[in-house]
Amino acid sequence: MRGTTRTVAVAAMSAVALLAAGCGSGDSDGDQSSAGGGAEGGEITVYGCNPQNPLVPQNTGETCGGDVLDQVFSKLVHYDADTAAPENDQAESIDTDDNQNFTIKIKQGLKFHDGTEIKAKNFVDAWNYAAYAPNGQYNGYFFEPIEGFGDLQCTGDGDDPCAKAGKPKAEEMTGLQVVDDYTFTIKTTEKVSNLPVRLGYSAFAALPDVFFDDPEAFGNKPVGSGPYKLDAWNKEQSIVLSKNADYTGDWPGKVDKITFKIYQDVDPAYNDVLADNLDIVTSIPASALIDDKYKSDLPDRNAQKETGRIDVLDFAPSSVDPNYDSVEVRKAISMAIDRDTIIQQIFNGTRTPATGWVSPVVDGYKADQCGEACTYDAEKAKSTLEAAGGFPGDKITLSYNADGGHKEWTEATCNSIKQALGVDCVAQGVVDFATFRSQIGDRKMKGMFRAGWQMDYPSIENFLAPLYKTGASSNDGDYSNPEFDDLIDQAAAATDEAEANSLYQQAEALLAEDMASIPMWYGKTTMGWSNNVTGVKITAFGTVDYTQVSVQ
Amino acid sequence: MGTYIVRRLLQMIPVLIGATFLIFAMVFALPGDPLDGKCGERACPPAYAAAFEEKYNLNDPLPVQYFKYVGNLAHGDFGETYNGIKVSDQLKERYPVTVKLGTMAVVIEAILGILAGVLTGIRKGGFLDNLVLIATLVVISIPIFVIGGLAQYFLAVKWGLFPVTVTSGEATFYQLLLPAIVLGSLSVAYVARLTRTNLAENLRSDYVRTAISKGLTKRRAYGLHALRNSLIPVVTFIGFDFGALLGGAIVTESIFNIPGVGNYIFRSIKSRDGASVVGAVTVLVLVYLVVNLIVDLLYGLLDPRISHD
């Protein structure tokens with residue numbers, strides 16, 4: 001976290017704007033000259049999909065709604081588009097001495113799109129609302145580290161844990177205190193060294209007072225604080241954003257209007273880009289990846305960037321399928337997978353072979369954590385398996401959801417395993433994603449199964465704790481290692497960033513020792529754009545960097 | 001005739017109720033609940049899951065859920081999709097588009113198909129007959145996503161003759177023209193072959209020979225007598241096909257990004273979105289029933305021997 005020298009200038013500018021508003025006629029949409037420079041104006045259309053929840057930052061955890069909300073809401077912290085490094089945005093400063101008590105000062109004069117000022121209570125109210133279980137907010141669990149979170153959860157059980165006596169004990173977390181209009185404090189139950197990094201995630205955005213009057217109406221037309229404001233959400237058709245003339249932050253957009261056109265499928269969107277009917281498509285359909293067809297279709301109009309995503313093969317918990325208990329067997333399977341060839345032949349190079357469990361885009365990434373266990377070596381794989389006494393079952397299974405285009409690579413992976421180990425390997429399709437996840441959730445899925453993880457915030461912790469800590473929410477393989485849990489806790493308490501990172505790396509090394517899952521590859525995002533736009537850059541999150549895009 | 005129509009309309013009521021229940025039960029019986037795939041690769045947070053289940057009555061047993069649904073339906077409330085959009089709004093927006101597309105496809109298939117069928121039926125074994133035979137064979141054997149994809153790439157993207165996709169809710173005639181041709185192409189082949197075979201058969205029958213021998217012009221004997229009789233199976237097919245096109249245009253709808261019903265149903269089934277599936281399919285069943293009634297009434301017009309009294 002580092003402050004920027006630009007902060008002072010911005011604060012001065014907004015003070016002037018404030019004065020002008022005070023003396024003026026109350027015309028909130030005045031034509032103040034837009035901040036920033038370069039080619040400005042015009043409008044663009046971008047591939048969009050259907051938001052799964054109301055457009056409230058505390059209630060959105062998927063990219064369809066998230067891509068839109070990123071532009072509509074600014075957060076305390078902004079992640080650098082290229083490196084994902086956090087920088088203060090709405091926060092003037094975030095201070096802590098002990099990683100448990102944080103004091104946050106916000107910049108003065110920041111405004112929501114409805115003209116009301118952003119104050120400390122807008123953050124505290126929004127976070128309390130999100131954490132209060134009966135509100136059922138998707139991102140409520142992000143507030144778990146804050147003191148008093150437990151009292152906002154429902155205590156009952158049965159169908160509706162929030163009914164009657166099950167009502168939460170409190171409505172506000174004790175760990176959040178408003179000091180004055182521009183200052184508030186956070187106290188966490190345990191030490192959380194990377195809390196400031198997390199504050200750039202949309203769950204931590206401030207909400208204006210109008211939200212609390214009518215959350216439902218707000219979800220259809222959110223009033224944010226970011227470089228763009230939402231003009232209209234035409235359900236299942238389009239989402240229209242226009243430039244926020246009053247935006248005073250450091251990351252304004254260049255174009256005046258962004259329209260997210262909602263598609264059911266990426267193929268037609270790609271064809272629309274070819275015909276210049278759509279400006280940016282944020283992924284390339286499989287049909288155009290074959291032989292790099294998109295590169296000849298869109299010469300000089302495509303880009304690729306590694307993003308914070310990793311794909312792994314999980315092992316069913318021992319109680320469900322004991323055949324994979326042996327670490328040596330796991331390592332043998334991992335060594336039997338020819339990642340490079342599969343990536344070239346199936347994905348046309350749009351993945352990077354994984355050498356560990358943490359994506360290279362985050363701070364603290366250490367290469368080669370998995371070591372030789374993630375390096376293809378058919379002979380070594382076979383000898384390792386033989387030394388371990390062979391595979392206990394009659395065949396290895398690898399399950400995938402059949403509706404997600406995973407058939408090809410899972411079959412290729414199985415072939416690779418079969419050839420190297422001489423053990424039969426079957427790729428098993430489960431009819432669709434809902435069924436697939438329900439079998440995993442109910443611990444009925446045997447053998448190995450695919451899993452993907454997209455980071456929420458750019459921290460090494462986000463790739464380890466939610467996935468491999470004992471009892472963690474996404475620990476589908478029920479991995480449990482007390483030493484690992486201990487290292488994660490220690491890292492969270494470390495006051496020094498380098499020390500924290502080193503502890504996280506030690507924890508990751510334990511995953512390699514136990515072969516908790518098989519790392520397959522890191523994700524890359526590929527985009528294409530039309531002749532109408534220029535300057536399209538991909539962020540470390542796989543989204544479009546709207547501070548750079550302009551109309552040609 | 002009047003009593004026949006009334007009777008048929010009354011029959012629709014139990015069919016509709018039965019259909020809603022069956023569909024509801026089938027969606028309910030699908031493995032995996034709506035929350036499973038909703039939160040991506042991770043399990044839904046408990047607070048979110050509890051609120052979600054409460055809102056959509058997911059904790060109730062099937063009959064209770066069904067009666068709550070039907071109760072709302074009686075007030076004209078189709079419920080909400082799992083991403084919080086009113087199903088009735090979706091149906092209102094999507095059905096007109098789908099009906100427009102289906103009608104255009106049916107008109108195209110009827111005109112082209114019957115025309116080709118008549119021309120080839122009259123001159124059986126001629127050059128045109130063989131040409132149509134081969135052409136229809138080719139069309140039938142190529143999957144629709146290939147035809148659609150190729151048509152989109154060459155006619156729209158490459159040569160710019162048609163719009164590439166339907167990009168707004170108000171799909172225009174021009175935007176739907178290429179999708180309708182693609183959608184109708186397969187059926188054109190069937191209609192052409194059906195018409196040809198039936199017509200050729202009827203041309204050999206006694207009544208046509210009699211008509212010709214008593215001095216009727218060929219045009220009149222063929223057009224008025226033979227063709228009318230030959231069209232009965234064709235009309236049956238087209239009526240059935242219209243219903244199938246409404247719900248079954250999933251592939252065409254995806255290729256051209258048409259905000260229609262087929263895609264909506266498909267997506268809703270995948271997300272276990274009961275209210276959407278039942279709402280959309282119930283309307284589909286209704287359309288099917290009405291179209292079938294119209295087809296049955298048409299029989300009487302084509303062949304007076306078929307009477308509805």
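Note that the structure is predicted; figures quoted are calculated from it, not measured.

Residues and elements named next belong to chain A. Scanning the entire structure with this criterion turns up three disulfides over all chains. With its sulfur 2.1 Å from that of its partner, cysteine 49 forms a disulfide with cysteine 64. Taking the torsion about the S-S bond as the criterion, the cysteine 49 to cysteine 64 disulfide, at about -105°, is left-handed. With a gap of 15 residues between them, cysteine 49 in the loop between strand S1 (43-48) and helix H2 (63-72) and cysteine 64 in helix H2 connect regions that are remote in the sequence.

Attention shifts here to the confidence of the model for chain A. When pLDDT drops low, the exact placement of atoms in the prediction is not to be read closely. Taken residue by residue, chain A gives an average pLDDT of 88. The fraction at 70 or more is 92%. Note on residues 1-38 of chain A: pLDDT under 50 across the span, and 35 contacts to partners over four residues away in sequence or across chains.

Time to look at the interface of chain A and chain B. Opposite the 45 residues of chain A that make contact, chain B presents 39 residues. Here chain A and chain B share an interface that buries about 3700 Å² over both sides, 48% of which is from carbon and sulfur atoms. It is A:Tyr138, A:Glu236 and A:Gln264 that lose the most area in chain A upon contact with chain B, and together they represent 16% of the buried surface on that side. Remark: the boundary between chain A and chain B carries three salt bridges. The salt bridge partner of A:Glu236 is B:Arg94, with a shortest N-O separation of 2.4 Å. Linking chain A to chain B there are ten residue pairs in polar contact (both at pLDDT 80 or more). Every element with two or more residues in the side of chain A that touches chain B is listed here: strand S10 (257-262), helix H7 (266-274), helix H14 (433-441) and strand S16 (448-454) of chain A. Looking at the side of chain A that touches chain B, its residues break down into 14 nonpolar, 17 polar and 14 charged.

Once that is clear, we can look at the pattern of salt bridges. Summed over the entire model, instances satisfying the criterion amount to 28 salt bridges over all chains. Among the salt bridges present, the one from B:Asp60 reaches B:Lys68, with a minimum N-O distance of 2.7 Å. The closest approach of N and O atoms between B:Asp206 and B:Arg209, which form a salt bridge, is 3.1 Å. One end of the pair is B:Asp206 and the other is B:Arg209, both in helix H9 (residues 206-213) and three residues apart, which spans about a single turn. Classification of B:Asp206 as exposed rests on a relative accessible area of 52%. In this structure B:Arg209 comes out as exposed when scored by relative accessible area, which is 54%. A single salt-bridge network, built from bridges that share partners, covers A:Glu236, B:Arg94 and B:Arg267.

Thresholds applied
Residues numbered from 1 in each chain as written. Chains lettered and ligands numbered in written order. Predicted model: local features only at pLDDT ≥ 70, side-chain atom pairs only at ≥ 80, totals over all residues. Heavy atoms only, no water. Disulfide = S-S within 2.5 Å. Helix = DSSP H or I, 4+ residues; strand = E, 2+ residues; numbered from the N terminus. pLDDT = per-residue confidence, 0-100. Contact = heavy atoms within 4.5 Å. Buried area = accessible area lost by both parts, 1.4 Å probe. Salt bridge = Lys/Arg side-chain N within 4 Å of Asp/Glu carboxyl O. Polar contact = N/O pair within 3.5 Å; in protein donor to acceptor, adjacent residues only side chain to side chain. Nonpolar A, V, L, I, M, F, W, Y, C, P; charged D, E, K, R; others polar. Buried < 20%, exposed > 50% of the residue type's maximum accessible area, 1.4 Å probe, protein only.

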